[in-house]
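Overview (structure and organization)
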Amino acid sequence: MAFFTRQLCRHFSSSAVRNVVIKNVTIIGGGQMGAGIAQVAATTGHSVTLVDTSDDILKTAVKGIEGSLKRVVKKKFADKPEAGEEFIQKVLRNVSTSTDSGSAAQRSDLVLEAIVENLKIKQDIFHQLDKVAPEHTIFASNTSSLPITDIASTTSRLDRFGGLHFFNPVPMMKLVEVVATSATSKETFDSLLNFSKVLGKTPVSCKDSPGFIVNRLLVPYLVEAVRLHERGHGSKEDVDIAMKLGAGHPMGPFELADYVGLDTIKFIIDGWSAKDPSNPLFAPIEMLNKLVAEGKLGKKTGEGFYKYKRLIK
Ligand SMILES: C[C@H](O)CC(=O)SCCNC(=O)CCNC(=O)[C@H](O)C(C)(C)COP(=O)(O)OP(=O)(O)OC[C@H]1O[C@@H](n2cnc3c(N)ncnc32)[C@H](O)[C@@H]1OP(=O)(O)O
Ligand SMILES: NC(=O)c1ccc[n+]([C@@H]2O[C@H](COP(=O)([O-])OP(=O)(O)OC[C@H]3O[C@@H](n4cnc5c(N)ncnc54)[C@H](O)[C@@H]3O)[C@@H](O)[C@H]2O)c1
């Protein structure tokens, strides 16, 4: 009987979070991805709190959002610059910033994390927020490669935890991978799916398997391009031109790796290699490791495989 009552309570507690309509969103991490997601969520009328570790980083993030919105309105409001400016200000009013993730989470329907690709740091953040976020709040990670199940494991809301994987640059890329673990409730999954659609994205449903769909195919391709170049079988420039003109890709693999961030690519490959060391697809890549050790992380730091005049942020 006690078992039955416990099951009943569980049922009631999960039905209490049924059909969460996501209006207030906290995004942890105001880097390339967090700022992009904040922009899209604010544009679609959500109230967004962007959280990072310092006010300076947050200022840069908001500046980046404003710059990206200017690119959006240039076309959308080509003949009406005043309406374009009004649109930008309206979107920016939906974004507030904070260095206090706990108080932001207290007012949120969704806490979406987009910080560095490190399991322990992600687990620690969610462990803290789990204690203060309302019962109904859904937690999600934008991780590129870490198991959602592992990230969620430090919380007590396994049924209200999923993956929401966006693509860079978020305002332009239409896809969102929505990831359910074996514990994610159908209500949570549906809420995340619906949220993605409200953002104007096309969601696909993914299992909690390494790299989900896109990165499991894309990242081995990116590092294979580096290996090909290391073997002396093609210059970076020729490989990039070949894949753009021969395979119809908008960016070549070196350009795209720089765009994503070489630190992120390295975190992904190293993480997979630790779990599956005999898989040759995940073997260390000397050139990538060297660039990351030198702090040459791609477009965001001004140099990676190539040099850049203008930084991303
Ligand atoms: C690793 C992770 O876990 C997963 C990932 O994210 S993997 C990476 C996935 N992303 C990709 O594969 C990106 C591939 N690249 C592309 O699709 C394109 O090169 C691109 C959309 C980034 C840029 O397009 P491109 O034609 O090369 O350059 P550009 O002319 O500057 O931009 C095209 C349009 O996009 C707009 N745009 C580009 N970036 C933008 C941004 N951040 N914000 C707003 N608008 C932007 C431009 O304003 C331009 O608009 P217009 O056509 O109306 O003038
Ligand atoms: N770069 C991509 O193309 C891409 C695409 C999809 C997913 N992702 C994933 O999104 C996540 C973020 O990637 P990114 O490229 O935006 O990284 P980034 O380095 O541009 O930004 C990370 C941000 O997180 C902040 N941060 C770090 N620790 C924090 C903490 N404890 N609290 C609050 N903020 C903290 C940093 O200050 C930084 O501003 C990673 O998990 C990455 O794998 C990246």
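Residues numbered from 1 in each chain as written. Chains lettered and ligands numbered in written order. Predicted model: local features only at pLDDT ≥ 70, side-chain atom pairs only at ≥ 80, totals over all residues.

Quick word on the UniProt feature "binding site: NAD(+)" (unreviewed entry) in the protein
Mapped onto the present numbering, the UniProt feature "binding site: NAD(+)" (unreviewed entry) falls at Gly29, Gly30, Gly31, Gln32, Met33, Gly34, Asp52, Glu117, Lys122, Ser144, Asn168 and Lys300. Tracing the backbone shows Gly34 in helix α2 (residues 32-43). Here Ser144 is to be found in the loop between β5 (138-141) and α7 (148-152). On the basis of neighbour count, Ser144 is assigned to the buried category, with 23 C-beta atoms found within 10 Å. If we ignore the near neighbours within four places in the chain, the residues touching Ser144 are Glu117, Asn215, Thr264 and Ile268. (UniProt positions renumbered as here; feature names shortened; annotations may be inferred. Helix = DSSP H or I, 4+ residues; strand = E, 2+ residues; numbered from the N terminus. Buried ≥ 20, exposed ≤ 12 C-beta atoms within 10 Å, placed from the backbone. Contact = placed C-beta atoms within 7 Å.)

A few points about the packing of helix α9 (residues 214-230) against helix α12 (residues 262-275)
Across the interface, α9 lies against α12 with an axial gap of 11 Å and an inter-helix angle of 105°. Accordingly, the angle class assigned to the pair α9 and α12 is roughly perpendicular. Residues Asn215, Val219, Leu222 and Val223 of α9 form the contact with α12, whose own contacting residues are Ile265, Ile268 and Ile269. The residue makeup of the contact of α9 with α12, split by class, is 6 nonpolar, 1 polar and no charged. (Axes fitted to C-alpha atoms, helices over the stretch in contact; angles between N-to-C directions. Parallel < 35°, antiparallel > 145°, perpendicular 65-115°, else oblique. Nonpolar A, V, L, I, M, F, W, Y, C, P; charged D, E, K, R; others polar.)

Regarding the domain arrangement of the protein
One can read the domain layout of the protein as domain 1 (24-207) and domain 2 (215-301). The distance between the C-alpha centroids of domain 1 and domain 2 comes to 26 Å. Taken together, the contacts link 6 residues of domain 1 with 10 residues of domain 2. Class assignment of the residues belonging to the side of domain 1 that touches domain 2 gives a composition of 1 nonpolar, 4 polar and 1 charged. (Domains from an automatic or database assignment.)

So, the site of ligand 2
By nearness alone, 27 residues border ligand 2, and Gly29, Gly31, Met33, Ser144 and Asn168 come closest of all. Mapped by element, the contributors of at least two residues to the shell around ligand 2 are α2 and α6 (119-132). In terms of residues, the shell around ligand 2 owes the most to one element, α2, which gives 3 residues. Partitioned by chemical class, the residues of the shell around ligand 2 number 12 nonpolar, 12 polar and 3 charged. For the shell around ligand 2, the domains that each give at least three residues are domain 1 (24-207) and domain 2 (215-301). (Near = placed C-beta within 6 Å.)

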